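Notes for the structure review
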Amino acid sequence: MPECCDREDYHSVFSGRFARRQLRRYRRRGLTPAAHGIVDFATSRGIAGATVLEIGGGVGQLQVELLQRGASRVTNLEISEGYEDDAAALLESTGLTDRVSRRILDIAQEPDRVEPADVVVLHRVVCCYPDYARLLKVAAGHARRMLVFSHPAANLVNRVQFGAENAYRWMSRNDFRAFIHPPDAMARAAASDGMSVAYRSHRWDWDVVGLIRGVA
Ligand SMILES: C[S@@+](CC[C@H](N)C(=O)[O-])C[C@H]1O[C@@H](n2cnc3c(N)ncnc32)[C@H](O)[C@@H]1O
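Quick summary incoming for the structure in this document. (Residues numbered from 1 in each chain as written. Predicted model: local features only at pLDDT ≥ 70, side-chain atom pairs only at ≥ 80, totals over all residues.)

1. Some thoughts on the overall build of the protein
Helix and strand counts for the protein come out as 8 helices and 7 strands. Computed over C-alpha atoms, the radius of gyration of the protein comes to 16 Å, within 12% of the 17 Å expected from 2.2 N^0.38 for 216 residues, which places it in the range of a compact globule. C-alpha atoms of the protein, sized along the principal axes, occupy 45 × 40 × 35 Å. Buried positions account for 39% of the 216 residues belonging to the protein. Across the protein, contacts joining residues at least 24 apart in sequence account for 70% of those joining residues at least 6 apart. (Helix = DSSP H or I, 4+ residues; strand = E, 2+ residues; numbered from the N terminus. Rg over C-alpha atoms; globule rule 2.2 N^0.38 Å. Buried ≥ 20, exposed ≤ 12 C-beta atoms within 10 Å, placed from the backbone. Contact = placed C-beta atoms within 7 Å.)

2. Some thoughts on the packing of helix H3 (residues 33–44) against helix H4 (residues 61–68)
At their nearest, the axes of H3 and H4 sit 10 Å apart, and the two run at 30 degrees to each other. Comparing the axis directions of H3 and H4 gives the class roughly parallel. With respect to the hand of their crossing, H3 and H4 are arranged in right-handed fashion. Contact residues: H3 offers Ala35, Ile38, Val39 and Ala42, while H4 offers Leu62, Glu65 and Leu66. (Axes fitted to C-alpha atoms, helices over the stretch in contact; angles between N-to-C directions. Parallel < 35°, antiparallel > 145°, perpendicular 65-115°, else oblique. Left-handed = near helix turned anticlockwise from the far one by under 90°.)

3. Side note on H4
With respect to burial, H4 is a largely interior element, 7 of its 8 residues being buried. Along H4, the residues classified as buried are Gln61, Leu62, Gln63, Val64, Glu65, Leu66 and Leu67. Residue Gly70 follows H4 closely and has a positive phi angle near 120 degrees.

4. Details of the sheet that holds strand E5 (residues 143–152)
With mixed pairing, 7 strands are arranged side by side in an open sheet as E3-E2-E1-E4-E5-E7-E6. At either end of the open sheet lies a strand with only one pairing partner, and these are strand E3 (100–104) and strand E6 (195–202). Strand-to-strand twist in this sheet, taken as the mean axis angle between neighbours without regard to direction, amounts to 15 degrees. Here E6 pairs with strand E7 (residues 206–213) via 7 bridges, running antiparallel. Bridging across to E7, Val197 finds its partner in Leu211. On top of the sheet, helix H6 (residues 132–141) reaches strand E1 (51–55), strand E4 (117–122), E5 and E6; it is set at about 150 degrees to E5, its chief contact. (Pairing = 2+ DSSP bridges.)

5. As for the site of the ligand
Around the ligand there are 20 residues in total, and Phe14, Gly56, Gly58, Ile79 and Arg124 lie nearest to it. Among the residues forming the shell around the ligand, the class breakdown is 11 nonpolar, 6 polar and 3 charged. (Near = placed C-beta within 6 Å. Nonpolar A, V, L, I, M, F, W, Y, C, P; charged D, E, K, R; others polar.)

6. Focus: the nonpolar core
Side chains that are nonpolar tend, in soluble globular proteins, to be buried together. One finds Val119, Ala139, Leu147 and Ala190 to be the most contacted residues of the largest nonpolar core, which totals 55 residues. In terms of residues, this core owes the most to one element, H6, which gives 6 residues. Beyond its immediate chain neighbours, meaning those up to four positions away, Ala190 contacts Leu136, Ala139, Ala140, Leu147, Phe149, Met195, Val209 and Leu211. (Core = buried A, V, L, I, M, F, W, Y, C linked by C-beta atoms within 7 Å.)

7. Things to note about the pairing of E7
Counting buried positions along E7 gives 6 out of 8 residues, so the element sits mostly inside the fold. Pairing geometry for E5 and E7, over 7 bridges, is antiparallel. Bridge pairing in E7 places Met146 opposite Ile212. Counted between consecutive antiparallel strands, the loop separating E6 from E7 contains 3 residues.

8. A word on helix H7 (residues 156–171)
Helix length check: H7, at 16 residues, gives a terminal C-alpha distance of 22 Å against a target of 22 Å (1.5 Å per residue), a fit within 8%. For H7, the buried fraction is low: 0 of the 16 residues fall into the buried class. Positive backbone phi, at 60 degrees, marks Arg173, one or two positions downstream of H7. (Expected span 1.5 Å × (residues − 1).)

What follows is the structure in structure tokens.
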């Protein structure tokens, strides 16, 4: 496993341009179905007054929805610095600036620098990180009540798409790689530290896994 992770590689992929695209899409069309699945799982278990830690939250569309549904505060962690302008614009336009702290930090490398939260969220993030077991175990260790994450469905369509994108990056001398990690192994890693799987949804593009602290 290479030393994880070169911020420049992440920044070159998750750039200001990528962020602008994400924000434009969210403003026009709202959350994606997988993101809806995450919000539905969290709200069905109760998020009134809950603190949220979103790892790799990008421009922050999911956290805006959770705050609008009753969560109290969010901490967003990112490896890439490319989102900050668009994230600030989204928070300003929704009047939520004071309820979100944004930090550039890889929690898998520096877990002790991050406070636990009631709800921990990773949407489209484990596929961008080589050591999924470490990331998910650390995420579980920071979840007081719930952990919910999405990952690409392990099917042929996604494998071909991820393979083509990785090949393009290899040819462009970019060391960033996207991964389709094994779904059951991810669920097992997330179910460490007293968490148990309470919800799993499967679609052709993204799966969602929801865990609660204690026995489901
Ligand atoms: C595909 S983007 C998804 C962004 C956002 N969640 C969304 O769905 O629009 C994946 C993001 O995860 C971030 N990321 C990956 N591993 C991370 C880690 N260990 N800590 C913080 N951010 C991470 C990357 O920097 C990248 O911005």
